[in-house]
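# A closer look at the structure
These are the residues of each chain, in order.
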Amino acid sequence: MQDSINLDEIDLRIVHAMQVQPRAPWALIGHVVGVDPVTAARRWASLTDSGTAWIAAYPAADAGSVLAFLDVRCEPRSRQQLVDRLAAHAHVMSVNVHSGGCVVMAEALFGSTTALARYVLDDLQRQDGVTDVVVHPVTRVFTEGSRWRLGTLEPSGVRTLRESGVAPPPLGRRHPLDSATVAVIDVLGRKPRVSVTELAHELGISASTARRRLGRALSQHTVLRCELARFATGRPIRVLFTARIPALDVERVARILRARTEIRLVVTVAGPDNLFFTGWLRSLTEIAALELELATRAPTLTVTDRRIVLDTPKLMGHLLDRDGRSTGVIPVGVRS
């Protein structure tokens, strides 16, 4: 099936436009891409119907919540059962299967460290076949996938899109979530381009209330992220790097990493390997090239491990097949 989907330049430009402004009207998308609105909408519908592209919507982590990477080691016979169980949980945002032994890494969102501890100690560690769980709480997010771009649009088009709509919340919101906003985020998780009228109907509220709650959710609490299936990105190699960096050098190294087009995620975590970053690469040979450049530009950075991502069964709430297509969605929630 992978070979039956051929994305052309127009498709890739539409995806880039959706990465910049996922809820932009079709007239604007068509304008910056260079097609009419009907064509833009039809092309996007084809991409989403096939699972080749989609928009994920999820809560932005704040200072009161806990985002953590959970390194779960298990017996080989238990791997698929573990993956299925993790993927079914709303608070588990993403699940990756790594090289280097039977390692499954989950990215999960919790309302507190107590909630994190309960999940790890009372659930994960008691699952059949699990041999070890290592918790890596995130201390700061420097960049993540919602900021990554294909690079197929002209700078003028990107600027037009940025100025047209609601600016995304900063990485690390400062506004507490209430139940009304949670309900809006849940709808956005299933229907990221939901209209005010549709939202009002879904939640049983007036259109004016829906408009106000939607605006608050989008500007303060919700990350929208346009994704493209692995096979269609031109970057089929996904790698997680773990590293150690002195605290005084973290900001400088994060800026270096953030500026690279192949880097999707840069975070610091609590632990001896205090820096995680992920790269989407064109070939395995780019791993050594990346590390060589980092050794030159960031000599105090020590890469301690590099893991190839063999499979991503779940990405920010979306369930994926082996080619990286979206096959369904479980809206992301915070575990309390």
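Look above for the structure.
Just so it is clear, the structure is predicted and the values come from calculations on it, not from any experiment.

Attention now moves to the packing of aromatic side chains. In the structure shown here, the tally under the stated rule is 4 aromatic pairs. When the centroid spacing of 5.8 Å and the interplanar angle of 45° are considered together, the rings of phenylalanine 110 and tyrosine 119 count as tilted. We note that phenylalanine 110, like tyrosine 119, is buried. Plain terms: the ring middles of tryptophan 148 and tryptophan 280 are 5.3 Å apart, the flat faces sit at 50° to each other, and that makes the pair tilted.

With that out of the way, let us pick up the environment of threonine 48. Checked against the element boundaries, threonine 48 lands in helix H3 (residues 37-49). Taking the C-alpha atoms as reference points, threonine 48 and serine 326, 278 residues apart in sequence, are found 8.3 Å from one another. Ignoring sequence-local partners within four residues, the contact set of threonine 48 consists of Ala53 and Trp54.

In this model helix H1 (residues 9-20) runs 17 Å from its N-terminal to its C-terminal C-alpha over 12 residues, within 8% of the 16 Å that 1.5 Å per residue would give. In terms of burial, H1 is a largely internal element, 10 of the 12 residues being buried. Of all the residues in H1, the buried ones are Asp11, Leu12, Arg13, Ile14, Val15, His16, Ala17, Met18, Gln19 and Val20. Measuring from the backbone nitrogen of isoleucine 10 back to the side-chain oxygen at the start of H1 gives 3.1 Å, which picks out aspartate 8 as the cap.

Take the pattern of salt bridges next. According to the stated counting rule, one finds 24 salt bridges in the structure shown. A salt bridge links arginine 77 to glutamate 75, with the shortest nitrogen-to-oxygen separation between them at 2.7 Å. In this structure arginine 77 comes out as exposed when scored by relative accessible area, which is 60%. Glutamate 75 sits in the partly exposed class, given a relative accessible area of 31%. We note a salt bridge from aspartate 123 to arginine 85, for which the minimum N-O separation is 3.4 Å. Taken as a pair, aspartate 123 in the loop between helix H5 (113-122) and strand S5 (130-143) and arginine 85 in helix H4 (residues 79-88) lie far apart in primary sequence, 38 residues in all. The class of aspartate 123 is buried, set by a relative accessible area of 13%. The exposure class assigned to arginine 85 is partly exposed, which follows from its relative accessible area of 39%. One network of salt bridges, in which partners are shared, links Glu144, Arg225, Glu227 and Arg264.

Conventions adopted
- Residues numbered from 1 in each chain as written.
- Predicted model: local features only at pLDDT ≥ 70, side-chain atom pairs only at ≥ 80, totals over all residues.
- Heavy atoms only, no water.
- Phe/Tyr/Trp six-rings, centres within 6.5 Å; stacked < 30°, edge-to-face > 60°.
- Buried < 20%, exposed > 50% of the residue type's maximum accessible area, 1.4 Å probe, protein only.
- Helix = DSSP H or I, 4+ residues; strand = E, 2+ residues; numbered from the N terminus.
- Contact = heavy atoms within 4.5 Å.
- Expected span 1.5 Å × (residues − 1).
- Polar contact = N/O pair within 3.5 Å; in protein donor to acceptor, adjacent residues only side chain to side chain.
- Salt bridge = Lys/Arg side-chain N within 4 Å of Asp/Glu carboxyl O.

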